[in-house]
Amino acid sequence: MDEPATATKRRRFEPLPEWVGPSTRAVHAGQRGDANAGAVVFPIYQTSTFRYPAEFSEAERSGDVHLYTRLDNPTQEVAAELLRSLEGAEAARVFGSGMGAISSTLLTFLSPGDEVVAPEDLYGGTLDLLRGLLPRYGVRVRWVSAKEGESPESVVGSSTRLVCLETPTNPLLRVHDLRRWADAAHSVEALLMVDNTIATPINQRPIELGADLVVHSASKYLGGHSDLIAGALAGREELVARVDETHKVLGSPLDPFAAFLLTRGMKTLDLRVARHNTNARAVVEAIRDDPAVTRVFYPGAEGPAAQAIVERQMQGPGGLLAVELAGGAPAVRSFLGSLRLVHVAASFGGVESLASVPSQTSHRGLSPTESQARGIRSGLVRLSLGIEEPADLVRDVTEALRSISPARDRQHYQSGSVGTTGATVAQPGRAADS
Ligand SMILES: Cc1ncc(COP(=O)(O)O)c(C=O)c1O
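The model shown is predicted, which means the values in this text are computed figures rather than measured ones. All chains use their own residue numbering, which begins from 1 and follows the written sequence. Per-residue local features are limited, in this predicted model, to residues with pLDDT of at least 70; the limit for side-chain atom pairs, both in listing and counting, is 80 or more; totals at the level of whole chains, interfaces and linings are taken over all residues.

1. Points about the overall build of the protein chain
In step 1: Numbered from the N terminus, helices here are DSSP runs of H or I no shorter than four residues, and strands are runs of E no shorter than two. Looking only at helices and strands, the protein chain features 15 helices and twelve strands.
In step 2: Computed over C-alpha atoms, the radius of gyration of the protein chain comes to 23 Å, within 12% of the 22 Å expected from 2.2 N^0.38 for 434 residues, which places it in the range of a compact globule.
In step 3: In the protein chain, buried positions account for 49% of the 434 residues.
In step 4: Note on contacts: residues are paired as contacts if their backbone-placed C-beta atoms lie within 7 Å. Of all intrachain contacts in the protein chain linking residues separated by at least 6 positions in sequence, the fraction that spans at least 24 positions is 75%. Atoms counted for the radius of gyration: C-alpha only. Globule rule: 2.2 Å times residue count to the power 0.38. Exposed residues have 12 or fewer other C-beta atoms within 10 Å of their own C-beta, buried residues have 20 or more, and partly exposed residues fall in between, where C-beta atoms are placed from the backbone.

2. Re the environment of Thr197
In step 1: Positionally, Thr197 belongs in the loop between β5 (191-195) and α7 (200-203).
In step 2: Of the residues examined, Thr197 has 28 C-beta atoms within 10 Å and is grouped as buried.
In step 3: Between the C-alpha atoms of Thr197 and Gly210, which are 13 residues apart in sequence, the distance is 17 Å.
In step 4: Every residue in contact with Thr197, bar those within four places of it in the chain, is listed here: Gly98, His216, Ser217 and Lys220.

3. Points about the sheet that holds strand β8 (residues 293-297)
In step 1: A pair of strands is labelled paired if DSSP reports no fewer than 2 bridges between them. A sheet is described by the order of its strands in space; here five strands give the open sequence β8-β9-β12-β11-β10, paired in mixed fashion. Because the sheet does not close on itself, it has two edges, and the strands there are β8 and β10 (343-344).
In step 2: Between N-to-C directions, angles cover 0 to 180 degrees, with each direction set by a line fitted to C-alpha atoms, over the stretch in contact for helices. Contacting β8, β9 (320-325) and β12 (380-384), helix α10 (residues 269-287) crosses the sheet at an angle of about 20° to β9.

4. Things to note about the site of the ligand
In step 1: The criterion for a residue being near a molecule or strand is a backbone-placed C-beta atom within 6 Å of that molecule or strand. Close to the ligand lie 15 residues; Ser97, Gly98, Met99, Tyr123 and Ser217 are nearest.
In step 2: Residue polarity follows a fixed list, in which Ala, Val, Leu, Ile, Met, Phe, Trp, Tyr, Cys and Pro are nonpolar, Asp, Glu, Lys and Arg are charged, and the others, Gly among them, are polar. Taken together, the residues of the shell around the ligand break down into four nonpolar, nine polar and two charged.

5. Points about the pairing of strand β7 (residues 231-235)
In step 1: Burial of β7 is extensive: five of the five residues sit out of reach of the surface.
In step 2: The alternating pattern of β7 places Gly231, Leu233 and Gly235 and Ala232 and Ala234 on opposite faces, both of which are buried.
In step 3: Summarising the sheet, strand β1 (residues 91-95) and β7 pair through five bridges and their orientation is antiparallel. For Arg93, the partnering residue across the bridge sits in β7 and is Leu233.

6. Some details on the nonpolar core
Nonpolar side chains in soluble globular proteins tend to be buried together.
In step 1: Ranked by internal contacts, the top residues of the largest apolar core, which has 70 residues, are Leu83, Val94, Val163, Leu192, Ala232, Leu233 and Leu262.
In step 2: Excluding residues that lie within four positions of it along the chain, Ala232 makes contacts with Ala80, Leu83, Ala92, Val94, Phe95, Ala101, His216, Ala218 and Leu222.
In step 3: Nonpolar core, as used here: buried Ala, Val, Leu, Ile, Met, Phe, Trp, Tyr and Cys residues forming one set through C-beta atoms within 7 Å. If you look at the next biggest cluster of nonpolar residues, it comprises 41 residues, including Ile198, Phe297, Ala306 and Val381.

7. Examining the confidence of the model for the protein chain
In step 1: Each residue carries a pLDDT score, the predictor's confidence in it, ranging from 0 to 100. Of the residues in the protein chain, 91% have a pLDDT of 70 or more, and the chain-wide mean is 89.
In step 2: Within the model, pLDDT remains below 50 along residues 1-11, and this stretch shows 19 contacts once partners closer than five positions in the same chain are excluded.
In step 3: Below pLDDT 50 for its whole length, residues 407-434 participates in 56 contacts with residues either more than four positions away or in separate chains.

8. Points about the environment of Thr398
In step 1: Counting through the fold element by element, Thr398 comes out in helix α14 (residues 390-402).
In step 2: With 156 residues separating them along the chain, Thr398 and Arg242 place their C-alpha atoms 49 Å apart.
In step 3: Thr398 has contacts with Ala286, Ile287 and Asp290, leaving out every residue within four places of it along the chain.

9. A few points about unusual backbone geometry
In step 1: Cis geometry is adopted by the peptide bond preceding Pro168, which originates at Thr167 and carries an omega value of -10°.
In step 2: With respect to the helices, strands and loops of the structure, Pro168 is situated in the loop between β4 (160-166) and α6 (178-187).
In step 3: Residues Asn170 and Pro171 are joined by a peptide bond in cis, for which omega reads 10°.
In step 4: Backbone geometry places Glu189, a non-glycine residue, at a positive phi of 60°.
In step 5: Counting through the fold element by element, Glu189 comes out in the loop between α6 and β5.
In step 6: By C-beta crowding, Glu189 is classed as exposed, having 10 other C-beta atoms within 10 Å.

Listed below in structure tokens is the structure:
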């Protein structure tokens, strides 16, 4: 029997041999024949709705139709399939933002009375969700300090339903031992959800280390060009399908054009991450002994135990680091003002290098006391090293550090002058902030 003329053919993805490496996977996973014109690049289905056969329910059962782009769309599916392949997961979905992926996942698995275990060192949006929204629905959060996080077995309990981890963390680049957290979570039948935004599946594959669910802000390295907002989830089919149901009703779908850009970005992920790794290493080497810098944060920097975790579970350090400037907020102001190649902007993971001040951007929701306790000080600058020439970035960053004038800045700082760095500039007497 002829296929109804109105049916959209939903083709299977062309399988890849299991032995292919990440670069090949990034280029070839998610390939899907284009029935209309044989296009090598899968088209953008920029449509809100789809024509369907009169017998919709039967066609749906056989997986042959799409209905409405909030629910699914072929261009979204290609991006999800590519991520699924890179993460080594059974299933994946894309979302309108990273927060869309994280909120849909948490709301799926948490009910009143459940406990989430969460290290304190998390992206600000995730913190807001855990601190602000979820408690209103009766979910309790067991916050875990950096010290406690070294023994995950002692912080999970019988009411723990889910562990929410980020590793490396934003912005202090702390690392968590994923295998140990997975074992701890599973010992109490809880799920382990890992935010893999900073590492990307090129530098770390949490599912191979025991994670149940992996979430991403695909707005960062996966997209890679600072031109889209997207999120993603990967994990076991049964879990991802449950989140999909929540996602459909919460309604944060990825626009098809952004899904196309995301797929296009992911094709070069392996190449880009290799350069991000190189550039971050070069900048760390160049600034670690700089007198203007009191501390450099990057994966493994905390000491031998952290270094051992990095060696066990990461293939590279990634392109993100943070520096604590000796002169506090005023030094931050002169440093940022002297950068010539690195743009001052929030976000990270794009081809261009960016510098931002977490106390004013991702973590501005924290009170001064909380910021202090969590190490998000006003002298902290996060650097996202892009894919420019390593030597050019080293030169830009080191020259900007040299431009910091300690005498002038200390004077401003102690007199409490408020500069362009905004509300978190130290009050008189708070110079210990740096
Ligand atoms: C680690 C991490 N997770 C999640 C998010 C949220 O992602 P999005 O901005 O795409 O909603 C961000 C955003 O900066 C992030 O840094």
